[in-house]
Amino acid sequence: MGLRAQVAVGGITMFNIVEKRHWYFLFSAILFALSIAAMVASAVRFGQPLRLGIDFTGGSIFVLKFDQAVSEDDIRTVFADYGLESAIVQPRGAPEEHIWQVRTREVTANEVGSLLAALEERVGKIDRDALTFDTVEPAVGSEVTRAATLAILVASLIIVAFMWFSFRRVPNAFRYGVCTIAGMAHNLIISFGFYALMGILAGWEMDALFLTAILTVIGFSVQDVIVVFDRIRENIPRHKKEPFETVVNRSILETIHRSLATQLNAMFVMIAIILFGGTTIRPFISTLLVGMVSETYSAIFIAVPLLVVWEKAAARRGVARAMA
């Protein structure tokens with residue numbers, strides 16, 4: 001069976017995806033470079049690769065109860081007029097309660113009084129008895145950062161262990177886990193680069209929702225890869241006479257329709273939320289969408305081709321040793 005441009009699967013000649021892996025790697029390298037450039041530009045401009053929100057740097061939290069229905073944009077405009085453009089405005093409780101939470105940088109007592117007066121004048125009457133105002137210390141942000149980093153490291157180790165255990169009957173099972181982590185790293189860098197770019201262009205700041213999105217992207221990074229790897233495991237004994245690259249390509253073609261159908265359904269929902277949802281949730285959903293697009297791409301065009309490269313390199317080394 002030829003490996004040049006096409007392969008035959010189920011009696012039908014189809015495109016050889018794995019053979020074009022060098023182009024996929026080049027495309028990902030370009031995305032990597034752009035992502036790193038965005039983070040460097042953010043670091044130069046703001047002092048951090050990603051703009052940090054009050055969950056990390058400390059700040060103030062308002063909980064405001066109005067006596068009538070008010071809009072998020074009206075509240076945000078008032079805070080922006082006081083130099084708090086990055087304020088995060090979120091509804092709380094039932095809609096009929098008219099309760100809103102606003103998170104922003106730390107404000108002084110004088111600013112609090114002026115803000116409340118401006119809100120009552122331009123937005124609506126505030127129930128002062130239900131008003132709460134708290135300050136988040138930067139130390140809490142440091143703790144969140146450490147916990148998030150630890151969560152990513154632990155998740156990575158669990159993924160490697162899970163892949164190794166699941167594919168323990170396949171030769172070189174450890175490689176499957178490492179290639180999965182490589183795909184996950186690809187998705188994380190792309191997601192970080194996107195968020196850094198939006199931090200420059202739209203003022204997005206890293207908060208707890210961003211961490212939730214990143215941990216979700218990590219979960220996404222496993223699901224498609226393991227489907228393809230599992231089909232490779234099934235096809236290896238079925239097609240013993242075929243080269244490994246052909247078996248891998250066959251496995252991709254047999255599973256790609258399932259992956260695309262599942263992912264596209266989720267992407268359409270996310271796009272609808274981005275277009276018609278609130279401003280506050282948009283960075284979270286957008287990061288999920290970028291992570292899912294990257295994951296769908298990396299599962300087929302990065303993680304699996306990396307496994308082929310590794311296996312072929314190991315085979316060449318084995319032949320060289322045998323001939324030595």
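You'll find the structure just up there.
Predicted, not measured: the structure shown is a model, and the values here were computed from it.

## Regarding a nonpolar patch on the surface
- A contiguous nonpolar patch, built from Leu260, Leu264, Phe268, Ile271, Leu275 and Phe276 and spanning about 630 Å² of accessible area, is present on the exposed surface.
- Mapped onto the elements, Leu264 comes out in helix α8 (residues 244-276).

## Observations concerning the pattern of salt bridges
- Tallied over the entire structure, the rule returns 14 salt bridges.
- For the salt bridge of Glu242 with Arg250, the shortest nitrogen-to-oxygen distance reads 2.5 Å.

## Brief notes about the layout of surface pockets
- Within this model, the largest pocket holds a volume of roughly 440 Å³.
- Around the largest pocket, the lining is made up of 25 residues, and of these Ser86, Ala87, Ile88, Gly203 and Trp204 lie nearest the centre.
- Breaking the lining of the largest pocket down by element, the ones donating at least two residues are β4 (88-92), α6 (173-202), α7 (208-238) and α9 (282-323).
- The dominant element in the lining of the largest pocket, judged by the number of residues it contributes, is α9, at 4 residues.
- Taken together, the residues that form the lining of the largest pocket break down as 12 nonpolar, 6 polar and 7 charged.
- If you trace the second largest pocket, you find 14 residues lining it, with Leu31, Ser35, Ile190, Phe194 and Val290 closest to the centre.
- Of the residues assigned to the lining of the second largest pocket, the class counts are 10 nonpolar, 4 polar and no charged.

## Details of the pairing of strand β3 (residues 59-65)
- Where burial is concerned, most of β3 is hidden: 6 out of the 7 residues are buried.
- Pairing of β3 with strand β6 (residues 132-136) involves 5 bridges; the strand directions are antiparallel. Paired with Phe62 across the strands is Phe133, a residue of β6.
- Pairing between β3 and strand β5 (residues 99-104): 6 bridges, direction antiparallel. If you follow Leu64 over to β5, its bridge partner there is Trp100.

## Some details on the side chain of Glu295
- Locating Glu295 in the fold gives a position in helix α9.
- Comment: no salt bridge for buried Glu295; closest opposite-charge side chain is Arg258, at 11 Å.
- Setting aside residues no more than four positions away along its own chain, Glu295 makes contact with Asn187, Phe220, Ser221, Gln223, Asp224 and Gln263.

## Thoughts on the pairing of β5
- Of all 6 residues that make up β5, 6 are buried, and the element is covered over most of its length.
- Residues Ile99, Gln101 and Arg103 point to one face of β5 and Trp100, Val102 and Thr104 to the other, with burial holding for every one of them.
- Between the antiparallel neighbours β4 and β5 lie 6 residues, among them Gly93 with a positive phi of about 70°.

## Overview of the sheet that holds β5
- Across the sheet, 4 strands lie side by side as β4-β5-β3-β6; this open sheet has antiparallel pairing. The open sheet has two free edges, formed respectively by β4 and β6, since each of these has just one partner strand. Put simply, the sheet's adjacent strands are angled 20° from each other on average, direction ignored.

Reading the values: rules and limits
Residues numbered from 1 in each chain as written. Predicted model: local features only at pLDDT ≥ 70, side-chain atom pairs only at ≥ 80, totals over all residues. Heavy atoms only, no water. Patch = residues over 30% accessible without salt bridge, like charges linked within 9 Å, V, L, I, M, F, W, Y side chains within 5 Å. Areas by Shrake-Rupley, 256 points an atom, 1.4 Å probe, with all protein chains shown as cover. Salt bridge = Lys/Arg side-chain N within 4 Å of Asp/Glu carboxyl O. Helix = DSSP H or I, 4+ residues; strand = E, 2+ residues; numbered from the N terminus. 1 Å grid on protein atoms, 1.4 Å probe; cavity = no way out; pocket = protein on both sides within 12 Å on 5 of 7 lines; lining within 4 Å. Points joined across faces, edges and corners; volume = space filled by probe spheres on them. Nonpolar A, V, L, I, M, F, W, Y, C, P; charged D, E, K, R; others polar. Buried < 20%, exposed > 50% of the residue type's maximum accessible area, 1.4 Å probe, protein only. Pairing = 2+ DSSP bridges. Lys, Arg positive; Asp, Glu negative; His and termini not counted. Contact = heavy atoms within 4.5 Å. Axes fitted to C-alpha atoms, helices over the stretch in contact; angles between N-to-C directions.

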